[in-house]
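Examining the three-dimensional arrangement
So you can see what is in the structure, the chains are spelled out below.
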Amino acid sequence: MTTVRIVSEPSLDGMRLAFVLAEDRLGHYAEFRAFFARMFDLDSVGLARPGYLQAPSGTVYALIFIGRSGEPFPSSVEIHAAVPALEPFDETLVDRDLWAILHWMIEGVGGEWTPDALDATGRLFRISASMDADRSLS
């Protein structure tokens, strides 16, 4: 279902990184930390550079991993959209992309974490991007 992919660092000429989401306690579930460490080779890369994803809209997102003293790395992640420097970004499109990124993560984590459970949670909390995803699948 997911069309999220890891990409190399994009050119940021004429672009800016717009903050869109933070997960302050990535290590709350060890599986999430392990997933990001594996996908972005964080045991080798560490804080040296962000990871980059391209989402279904074509927008590239920088994942900036945060370390905290005394906690396993990464402890947090910030997600920033690479958007034109002087233009506003489409919040609905970003929401859809973030939902796709969550799906990508859940699919990659596996185990008790399932895309169906994520979708059910999205419907329960009436997250519009999750309901948009349901319509696009039918």
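The text that follows walks through the structure, step by step, so that each part is easy to find. (Residues numbered from 1 in each chain as written. Predicted model: local features only at pLDDT ≥ 70, side-chain atom pairs only at ≥ 80, totals over all residues. Heavy atoms only, no water.)

1. Quick word on unusual backbone geometry
Look at the link from Phe73 to Pro74: it is a cis peptide, with omega at -10°. By secondary structure assignment, the location of Pro74 is in the loop between strand E4 (60–66) and strand E5 (76–84). One non-glycine residue with positive phi stands out, namely Asp41, at about 50°. Within the secondary structure, Asp41 sits in the loop between helix H1 (30–39) and helix H2 (42–45). (Helix = DSSP H or I, 4+ residues; strand = E, 2+ residues; numbered from the N terminus.)

2. Re the environment of Gly51
Its location among the elements puts Gly51 in strand E3 (residues 51–54). We classify Gly51 as buried; its relative accessible area is 6%. The contact partners of Gly51, leaving out residues within four places of it in the chain, are Phe40, Tyr61, Ala62, Leu63 and Phe65. (Buried < 20%, exposed > 50% of the residue type's maximum accessible area, 1.4 Å probe, protein only. Contact = heavy atoms within 4.5 Å.)

3. Quick notes on the pairing of E3
Bridge count between strand E1 (residues 5–7) and E3: three bridges; the pairing is antiparallel. Counterpart to Val7 in the pairing with E3 is Tyr52. One ladder, built from four bridges, connects E3 with E4; its direction is antiparallel. Bridge pairing links Gly51 to Leu63 in E4. Hairpin geometry of E3 and E4 is characterised by an intervening segment of five residues between the two adjacent antiparallel strands and by a positive phi of about 95° at Gly58. (Pairing = 2+ DSSP bridges.)

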